[in-house]
Amino acid sequence: MRTHIVWDWNGTLFHDMEAVLGASNAAFATIGVGPMTLQQYREQYEIPIPRFYERLLGRMPSAQEWLDLDDAFHVRYRELSPACGLTEGARDLLAGWQSAGHSQSLLSMYDHDRLVPLVDAFGLAGSFLRVDGRSGPSGGKKAEHLTRHLAALGERVDPARTVLIGDAADDALAALDAGAHAVLYTGGSHTREKLEPVGVPVVDSLSEAVELAGRLVG
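Now for a quick tour of the structure.

Procedures and definitions
Residues numbered from 1 in each chain as written. Predicted model: local features only at pLDDT ≥ 70, side-chain atom pairs only at ≥ 80, totals over all residues. Heavy atoms only, no water. Helix = DSSP H or I, 4+ residues; strand = E, 2+ residues; numbered from the N terminus. Rg over C-alpha atoms; globule rule 2.2 N^0.38 Å. Buried < 20%, exposed > 50% of the residue type's maximum accessible area, 1.4 Å probe, protein only. Contact = heavy atoms within 4.5 Å. Areas by Shrake-Rupley, 256 points an atom, 1.4 Å probe, with all protein chains shown as cover. Lys, Arg positive; Asp, Glu negative; His and termini not counted. Charge placed at Lys NZ, Arg CZ, Asp CG, Glu CD. Salt bridge = Lys/Arg side-chain N within 4 Å of Asp/Glu carboxyl O. Phe/Tyr/Trp six-rings, centres within 6.5 Å; stacked < 30°, edge-to-face > 60°. Polar contact = N/O pair within 3.5 Å; in protein donor to acceptor, adjacent residues only side chain to side chain. Core = buried A, V, L, I, M, F, W, Y, C linked by side-chain atoms within 4.5 Å.

## Details of the overall build of the chain
Here is step 1 of the chain: Counting its regular elements, the chain contains 10 helices and 8 strands.
Here is step 2 of the chain: On C-alpha atoms alone, the chain measures out to a radius of gyration of 17 Å, which is about the 17 Å that the 2.2 N^0.38 rule sets for 218 residues.
Here is step 3 of the chain: Referenced to the eigenvectors of the C-alpha coordinate spread, the extents of the chain come out at roughly 50 × 35 × 30 Å.
Here is step 4 of the chain: The buried share of the chain, taken over its 218 residues, is 49%.
Here is step 5 of the chain: Within the chain, contacts between residues at least 6 apart in sequence are counted, and of these 65% link residues at least 24 apart.
Here is step 6 of the chain: Counting every atom, the chain has about 9,700 Å² of accessible surface; 51% of that belongs to carbon and sulfur.
Here is step 7 of the chain: Of note, the chain has its 19 positive side-chain charges centred 2 Å away from the centre of its 29 negative side-chain charges.

What follows is the structure, encoded as C-alpha cells:
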C-alpha cells in the first residue's frame, strides 16, 4: 500500500493567515481585547479555541460570549478569505504526489458546506480521495474528525502509512491518536517554538513536508 497524506486546509494548503488574523481581531473586539499582530497571534494561538480565548480574558468565556466570538470571527473571515490563495507550490505538490501513485485526502476544521465549494473553486477536488470539513460546533479538537475521516476511507488507506500535514499542534496530536504520522508546517497558525514540543518533524515549506512524508513511511 502506498503512502497516504491527509492534508490540512486553513494555514496549510490555503494561505489564509491574514484573513484569520483580521477575523480574530474582529472577534477580540467583542470581548474588549485589543488587536494582535500576526506574530503575537501565532505565539499565543492554541486549540481548543475556547482555551485560547480563556488565556486572553483570564477566564473562560461565557456561553453567550463564545457564540458572539465565533459569530464575529466567521462573519469577518467570510469577508476577507476570498482574497486569499493557495500556499506557494501547493498545486504542483498535490499533482506530483498524485502522479507518483500515492493517495491524499483533505480534512479541515472549516465548516464542511463552505469547504467543499472552496476546494472546487480552486479545481482541486479531483486531487483527493475524500474532502471532509467540520460537522457540528466549531472550536473543538481534530482527533475525532480524523478518526471518522480515516474510517470513511476504509481499506484504501492504512493509518500506519498515513502522514497528516498541518500547521497546528492539534493536527499532530490527532494523527498520533489515530496511529498515523504527522509533519507540521511553520507557515500557518503556530510558530516553530509552539510546534516543536509536540515531538514530530517541523518544516518551513510544504515541499519539505511532502518529501519528509515520503521518507517517514517509505
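## Notes on the pattern of salt bridges
Here is step 1 of the chain: For the structure shown, the criterion picks out 11 salt bridges.
Here is step 2 of the chain: When the shortest N-O distance is used, the salt bridge between E46 and R51 registers 2.7 Å.
Here is step 3 of the chain: A salt bridge links R59 to E65; the shortest N-O distance between them is 2.8 Å.
Here is step 4 of the chain: Among the charged side chains, a salt-bridge network with shared partners connects D8, K142 and D171.

## Details of the packing of aromatic side chains
Here is step 1 of the chain: Counted according to the given criterion, the structure contains 12 aromatic pairs.
Here is step 2 of the chain: Both rings, one in W9 and one in F14, keep their centres 5.3 Å apart while their planes meet at 15 degrees; by these two values the pair is stacked.
Here is step 3 of the chain: Residue class for W9 comes out buried when judged on its relative accessible area of 0%.
Here is step 4 of the chain: Among the residues examined, F14 registers a relative accessible area of 1% and is labelled buried.
Here is step 5 of the chain: Look at Y53 and W66: their rings are 6.0 Å apart centre to centre, the planes differ by 55 degrees, and that puts the pair in the tilted class. Here W66 lies in helix α4 (residues 63–80) and Y53 lies in helix α3 (residues 49–57), a separation of 13 residues in the sequence. Per residue, the accessibility class of Y53 equals that of W66, and both read buried.
Here is step 6 of the chain: These aromatic residues form a ring-pair network of at least three members: F28, Y41, Y45, F52, Y53 and W66.

## Some remarks on the side chain of D170
Here is step 1 of the chain: If you trace the backbone, D170 turns up in helix α8 (residues 169–177).
Here is step 2 of the chain: Buried and unpaired, D170 has K141 as its nearest opposite-charge partner, separated by 5.7 Å.
Here is step 3 of the chain: Reaching out from D170, the side chain makes a polar contact with the backbone nitrogen of K142 at a distance of 2.9 Å.
Here is step 4 of the chain: The contacts of D170, once residues within four sequence positions are left out, are I47, K141 and K142.

## Points about the nonpolar core
Here is step 1 of the chain: Counting 50 residues, the largest nonpolar core has W7, W9, L13, L106, F128 and I165 as its most contacted members.
Here is step 2 of the chain: Per-element tally for this core: the top contributor is helix α1 (residues 17–29), with 7 residues.
Here is step 3 of the chain: Sequence-distant contacts of W7, defined by excluding residues within four places in its chain, comprise T12, L13, L94, Q104, S105, L106, L107, F128, I165, L206 and V210.
Here is step 4 of the chain: Formed by 16 residues, the second largest nonpolar core is a distinct cluster that contains L146, L164, A172 and V202.

## Things to note about the environment of H145
Here is step 1 of the chain: Mapped onto the elements of the fold, H145 is located in helix α7 (residues 143–153).
Here is step 2 of the chain: The class for H145 is buried, based on a relative accessible area of 9%.
Here is step 3 of the chain: As for H145 and S108, which are separated by 37 residues in sequence, their C-alpha atoms are 8.7 Å apart.
Here is step 4 of the chain: Beyond its immediate stretch of four places on either side in the chain, H145 contacts L107, M109, R134 and S135.
Here is step 5 of the chain: Within the local environment of H145, its side chain forms a polar contact with the side chain of R148, the two groups lying 3.1 Å apart.

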